[in-house]
Protein chains: 2
Amino acid sequence: MNTTKFLLSENELPQTWYNIAADMPSPPPPPLHPGTQNPIGPEDLAPLFPMELILQEVSTDPTIPIPPEVLEALSLYRPTPLIRARRLEAALDTPAKIYFKYEGVSPTGSHKPNTAIAQAYYNHKEGVKRLITETGAGQWGSSLAFAAGLFGLECKVYMVRISYEQKPYRKALIETYGAEILPSPSPYTNAGRAILEKDPNSPGSLGIAISEAVEEAVGREDTKYSLGSVLNHVLLHQTVIGQEAQKQMAMTGDYPDVIIGCVGGGSNFAGLAFPFIREKINGKEIDFLAVEPASCPTLTKGELRYDFGDTAELTPLTQMYTLGHQFVPAAIHAGGLRYHGSAPLVSQLLKSGLIRAEAYTQLNTFDSALLFARTEGIVPAPESGHAIHAAIKTARQAREEGREKTILFNLSGHGYFDMSAYTNFLAGNLVDHALSDADVKENLAKLEALPV
Amino acid sequence: MNTTKFLLSENELPQTWYNIAADMPSPPPPPLHPGTQNPIGPEDLAPLFPMELILQEVSTDPTIPIPPEVLEALSLYRPTPLIRARRLEAALDTPAKIYFKYEGVSPTGSHKPNTAIAQAYYNHKEGVKRLITETGAGQWGSSLAFAAGLFGLECKVYMVRISYEQKPYRKALIETYGAEILPSPSPYTNAGRAILEKDPNSPGSLGIAISEAVEEAVGREDTKYSLGSVLNHVLLHQTVIGQEAQKQMAMTGDYPDVIIGCVGGGSNFAGLAFPFIREKINGKEIDFLAVEPASCPTLTKGELRYDFGDTAELTPLTQMYTLGHQFVPAAIHAGGLRYHGSAPLVSQLLKSGLIRAEAYTQLNTFDSALLFARTEGIVPAPESGHAIHAAIKTARQAREEGREKTILFNLSGHGYFDMSAYTNFLAGNLVDHALSDADVKENLAKLEALPV
């Protein structure tokens, strides 16, 4: 029988995180203070994060050791499998080999616990009692709820109201892990009240929910804030994915020609890609493809410039590809990809040409997700459906060109909490959204007062 | 770091199924024809099942080879991990070691694909074009939908109406795999129409849904019927679980003192236990504990006698512990355990004293499931919550007695499609049901005309 699953034992878990800032040709410029617009120092971030995470945020060391307590918690589900999609290959009749790293085996079904566990650990270590965060589709909120529980921390999650109402199972999961959850905008913060005054029925957005969480964290001594993507330390924690994949690709005897990940904030793409980008910087030839929704085309249509991470302009300004912090993306099912900005590290890599980006419309990604489910069994999260679509497109092209090609993509999560999306797709109720150039221009125009 | 996950590679997949009928002190007596009440032969079952499955049903060979095509499909998710629940042990402060076999890693989240794949394969091999089945909570229906798709078969699922309405995500999963699903009772069969005439709002039951599926299978040349538990060949296919666990327990250096599984029809309990029961028959000391809901206490309060598998009396009569085929259990959340009967093989083992049984009420099992989720991360299916409760009870007893004890249980599935059960539990909306002796007597009285 041909091997399909490439497994590592627990003692092969990576012992360090890989910090790409040490190897980048052009690292991102420093974040700016939201008020003064001057470069910020560690002390400016101290109300939000514990000091060890702040130091990781600005570190230029190439590797950072993973604490034993974090390794032990990661070992509840890591190392994750690398799987060759032989049945998908057969269905596509392609000479390409398709491998995927499967992060859906975590308790919350996505890659998010990789950083949630690390963040909960460092907060616990510095005496923090309570973590607060926001969540869109719920992958991040449920992961932080799970991780906070492991280290005895209280946890509170502001969930974008439209998702809170549409995804009762994610809400239930967050409560099962013992965390508190409430819909955003809420009447409990200035940011939330300001939105509700204008629109009592506001469906909410990630930007608004971030504002609420940050506001509450800053206002309470025992509480810190936690973010599930975008920031350097978050991407750092995800590099266990790519380091495992390096060992596992070596077991296959193949080497990836193309590496693919979907991008919302950028953390699952970064997690798989960064350790391999190091190999590219050192001379290997790999094509890195970041994929995003056409309805929120940050990397393909946004502008690289300073912008806020949230709607209420409470967060530091970071240089990133952005569609503008006031932009509210269409309500596509890949909720985890509906973010106006993109990680500064990923943005710089795109600018420097080390990676490239493509945007897809929703129906195409669901077509590909369905083919994947019916051949490989796993029903993918709608976000991961974007990566699958890119892999299938690449494999079809390989067939046309008659080229053997090795494709590796990150299956960042399963879709078992998103089945209503599949119901809607199968019933023909989903529509495509693509953001027009005019809309992009209009949103970016609102940033004129900010530094570039 | 202490090892928590014991993994096997694909080439360690068992190559044969283990048939306990070869080793049992008292095998079950033959099934009887529903009309004549005479022992049935293979030809009587031919309208329902392909011949290779019928031969497995009556086989007394100790091992039956697993076809390469079945092994290949199983390898999409097998071997499954054996995990030591170190965090649960710590929370219980017990000297006991708690191991669990985790079947939730399958694409449909439970052990059911182990037999669905084998059944789809043999049907495909004998030229069948279409499979029909019933499902309660949906674990079985989604697994057969998945497996049928792998072998290019059409699939139709009658889902108990109350579950069809309460579990839209399971319905969506079945449709995602390309199968047809409809609520039972339906107006499309005699059995369904008879029920609807009496009660147009009937919530349905497994017994009714089986009647509908069997009736349609018998009436169509291109269609066979498929059952997810109870029958000998189904339990046979599940023995890959226990055979893997034997190898994995050897890796741990421990040997189980207690082996636990929840019982509806009996297939996940049998899958883990049977290969170890062979060791008990050969002289090892192991305590086998089958656990069930107090609202459907087939093994602990039922009678061992001939009974029908369905409501409309279309199936053969088998000798099993039963509460009577007219019995409709209370609407507890562990839908997979709401069956009036129990596998003939499991029933005989209970009668012969090789295994024992206990029944638990719903709230206790959810308490234990919640503790498990908050320590180990995995949210268990409500069915598996019964096995967890037994393991926790046993571990607490070990602490009281100051005894080191090795516990092994089957975590037959995750609960990510059952989150509404957790919402209801956390909100205090669940109630306990326990079937009274008087109710048991009343239901069994209806079987008087049947042979014992």
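Numbering of residues starts from 1 in every chain and runs along the sequence as written. Lettering for chains starts from A, numbering for ligands starts from 1, and both go in the order in which the items are written. Residue-level local features of this predicted model are given only where pLDDT is at least 70; pairs of side-chain atoms are given and counted only at 80 or more, and the full residue set underlies all totals for whole chains, interfaces and linings. Side-chain numbers here rest on the full set of heavy atoms in the structure, without hydrogens or water.

## Some details on the pattern of salt bridges
All names here are of chain A.
Phase 1 of the analysis: Salt-bridge detection follows one rule: a side-chain nitrogen of Lys or Arg within 4 Å of a carboxyl oxygen of Asp or Glu. Under the definition given, this model contains 41 salt bridges over all chains.
Phase 2 of the analysis: Notably, a salt bridge pairs Glu103 with Arg78, separated by 2.8 Å at the nearest N-O pair. Residue Glu103 is found in the loop between strand E5 (97-102) and helix H5 (113-125), and its partner Arg78 is found in the loop between helix H3 (68-74) and strand E4 (82-84); the two are separated by 25 residues along the sequence. Accessibility classification places Glu103 together with Arg78 in one group, the buried group.
Phase 3 of the analysis: When the shortest N-O distance is used, the salt bridge between Lys101 and Glu244 registers 2.7 Å. Here the residue Lys101 occupies a position in strand E5, and Glu244 occupies one in helix H12 (residues 240-252), the gap between them amounting to 143 residues.
Phase 4 of the analysis: Only protein chains enter the accessibility calculation, which uses a 1.4 Å probe. A residue is then buried if its area is under 20% of the maximum for its type, exposed if over 50%, and partly exposed in between. With relative accessibility at 0%, the residue Lys101 sits in the buried group. Helix and strand assignments follow DSSP, with helices taken as H or I runs no shorter than four residues and strands as E runs no shorter than two, numbered in order from the N terminus.

## Notes on unusual backbone geometry
Phase 1 of the analysis: A cis amide bond, omega -10 degrees, links Arg78 of chain A with the succeeding residue Pro79 of chain A.
Phase 2 of the analysis: Residue Pro185 of chain A is reached from Ser184 of chain A by a cis peptide bond, and omega for that bond is 5 degrees.
Phase 3 of the analysis: Within the secondary structure layout, Pro185 of chain A lies in the loop between strand E8 (180-184) and helix H9 (190-198).
Phase 4 of the analysis: In this model, Asp93 of chain A sits at a positive phi of 50 degrees, which is unusual for a non-glycine residue.
Phase 5 of the analysis: Positionally, Asp93 of chain A belongs in the loop between helix H4 (86-92) and E5.
Phase 6 of the analysis: Positive phi, close to 60 degrees, is recorded for Glu313 of chain B, a residue that is not glycine.
Phase 7 of the analysis: Locating Glu313 of chain B in the fold gives a position in the loop between strand E12 (303-308) and strand E13 (317-322).

## Comments concerning the sheet that holds strand E1 (residues 5-6) of chain B
All names here are of chain B.
Phase 1 of the analysis: Read from one edge to the other, the open sheet built from seven strands follows the order E1-E4-E5-E15-E10-E11-E14, with strand pairing classed as mixed. What marks the edges here is a single partner per strand, and that holds for E1 and strand E14 (356-360).
Phase 2 of the analysis: Strands were regarded as paired on the criterion that DSSP finds at least two bridges between them. Of the pairings in the sheet, the one linking strand E5 (residues 97-102) to strand E15 (residues 406-411) comprises six bridges and is parallel in character. The partner of Tyr99 across the bridge, within E15, is Leu408.
Phase 3 of the analysis: Any two residues whose heavy atoms approach within 4.5 Å at even a single point are treated as in contact. Lines fitted to C-alpha atoms define the axes, with helix axes restricted to the stretch in contact, and inter-axis angles between N-to-C directions lie between 0 and 180 degrees. Across the sheet, helix H17 (residues 382-401) touches E5, strand E10 (258-262), strand E11 (287-293), E14 and E15, and the angle it forms with E10 is around 155 degrees.

## Notes on the relation of the copies chain B and chain A
Phase 1 of the analysis: After a rotation of 180 degrees and a shift along the axis of 0.0 Å, chain B superposes on chain A with an RMSD of 0.0 Å. When the rotation and shift are considered jointly, the pair of chain copies conforms to a two-fold rotation axis.
Phase 2 of the analysis: Comparing interface residues between copies, 100% of those in chain B also sit at the interface in chain A, which points to an isologous, same-surface contact. Superposition of the copies used a least-squares fit over C-alpha atoms from residues whose pLDDT is at least 70 in both.

## Here we look at the packing of aromatic side chains
Phase 1 of the analysis: Ring geometry is summarised as follows: Phe, Tyr and Trp rings, the Trp one being its six-membered ring, pair when their centres sit within 6.5 Å, and such pairs are stacked at plane angles under 30 degrees, edge-to-face over 60 and tilted between the two. Using the criterion set out here, one finds 27 aromatic pairs over all chains in the structure.
Phase 2 of the analysis: On the basis of an interplanar angle of 55 degrees and a centroid distance of 6.5 Å, the ring pair of Trp17 of chain B and Tyr122 of chain B is categorised as tilted. One end of the pair, Trp17 of chain B, is in strand E2 (residues 16-18); the other, Tyr122 of chain B, is in helix H5 (residues 113-125), and 105 residues separate them in sequence. For the pair shown, Trp17 of chain B and Tyr122 of chain B are each scored as buried.
Phase 3 of the analysis: Clustering of aromatic rings is evident, with ring pairs tying together Trp17, Tyr121, Tyr122 and Phe151 of chain A.
Phase 4 of the analysis: Placement of a charge over a ring requires the Lys NZ or Arg CZ to be within 6 Å of the ring centre, with the centre-to-atom vector within 35 degrees of the ring normal. Taking the ring centre of Tyr255 of chain A as reference, the NZ or CZ of Lys284 of chain A above it sits at 4.5 Å.

## Quick look at helix H18 (residues 419-426) of chain A
Phase 1 of the analysis: When H18 of chain A is considered as a whole, its buried residues turn out to be Met419, Ala421, Tyr422 and Phe425 of chain A. In a view along the axis of H18 of chain A, the buried residues occupy a sector of 150 degrees, so they form one face of it.
Phase 2 of the analysis: Along its buried surface, H18 of chain A packs onto helix H16 (362-376) and helix H17 (382-401) of chain A together with helix H8 (168-176) of chain B.
Phase 3 of the analysis: Once H18 of chain A ends, the next one or two residues include Gly428 of chain A, with phi positive near 75 degrees. The reported arc concerns the directions from the helix axis to the C-beta atoms and nothing else.

## Overview of the environment of Ala398 of chain A
All names here are of chain A.
Phase 1 of the analysis: For Ala398, the position within the fold is in helix H17.
Phase 2 of the analysis: Assessed through its relative accessible area of 1%, Ala398 is described here as buried.
Phase 3 of the analysis: Along the backbone, Ala398 and Ala96 are 302 residues apart, and their C-alpha atoms lie at a distance of 6.1 Å.
Phase 4 of the analysis: Leave out the neighbours within four places in its chain, and Ala398 touches Thr94, Pro95, Ala96, Arg403 and Lys405.

## A word on the interface of chain B and chain A
Phase 1 of the analysis: The partner chain A presents 45 residues to the 45 residues of chain B that form the contact.
Phase 2 of the analysis: Two parts lose some accessible area (1.4 Å probe) when they are put together, and adding that loss for both gives the buried area. Around 3,900 Å² of area is buried between chain B and chain A when both sides are counted, 59% of it from carbon and sulfur atoms.
Phase 3 of the analysis: Inspection of the region where chain B meets chain A yields two salt bridges.
Phase 4 of the analysis: Here Lys5 of chain B makes a salt bridge to Glu10 of chain A, at a shortest N to O gap of 3.6 Å.

## Looking at the side chain of Asn443 of chain A
Residue and element names in this part refer to chain A.
Phase 1 of the analysis: By the secondary structure assignment, Asn443 is in helix H19 (residues 437-445).
Phase 2 of the analysis: Asn443 sits in the buried class, given a relative accessible area of 12%.
Phase 3 of the analysis: Contacts of Asn443, omitting those with residues within four sequence positions, involve Leu323, Gly324, Gln326 and Phe327.

## Things to note about a nonpolar patch on the surface
Phase 1 of the analysis: By definition, no residue in a patch forms a salt bridge, and every one has over 30% relative accessible area; like charges are joined within 9 Å, nonpolar side chains (Val, Leu, Ile, Met, Phe, Trp, Tyr) within 5 Å. Throughout, the Shrake-Rupley method with a 1.4 Å probe supplies accessible areas, and for residues the shown protein chains are the sole cover considered. A contiguous nonpolar surface patch, about 250 Å² in accessible area, is contributed by Met51, Leu55 and Val58 of chain A.
Phase 2 of the analysis: Topologically, Val58 of chain A is positioned in helix H2 (residues 51-58).

## Section: the sheet that holds strand E7 (residues 154-160) of chain B
All names here are of chain B.
Phase 1 of the analysis: If you walk across this open sheet you meet the four strands as E8-E7-E6-E9, and the pairing is parallel. Each end of this open sheet is capped by a strand with a single partner; those strands are strand E8 (180-184) and strand E9 (223-225). For this sheet, the mean inter-axis angle between neighbouring strands, taken without regard to orientation, is 25 degrees.
Phase 2 of the analysis: In the packing of helix H10 (residues 206-218) onto the sheet, contacts are made with strand E6 (130-135), E7, E8 and E9, and the angle to E6 comes to roughly 165 degrees.

## Observations concerning empty space enclosed by the protein
Phase 1 of the analysis: Only protein atoms enter the 1 Å grid used here, on which a cavity is any set of points holding a 1.4 Å probe that cannot leave and a pocket is any open set flanked by protein within 12 Å on both sides along at least five of seven lines; residues with an atom within 4 Å of a point are listed as lining. Grid points are joined across faces, edges and corners, and a volume is the space filled by probe spheres set on the points. According to the stated counting rule, one finds seven cavities of 30 Å³ or more in the structure shown.
Phase 2 of the analysis: The volume enclosed by the largest cavity comes to roughly 760 Å³.
Phase 3 of the analysis: Along the walls of the largest cavity sit 44 residues, with Pro81, Tyr102 and Val105 of chain A together with Pro81 and Val105 of chain B positioned nearest its centre.
Phase 4 of the analysis: Taken together, the residues that form the lining of the largest cavity break down as 25 nonpolar, 11 polar and eight charged. Here the term charged refers only to Asp, Glu, Lys and Arg, the term nonpolar to Ala, Val, Leu, Ile, Met, Phe, Trp, Tyr, Cys and Pro, and the term polar to all other amino acids, Gly among them.

Fair warning: the whole summary comes from geometry, so function is off the table for now.
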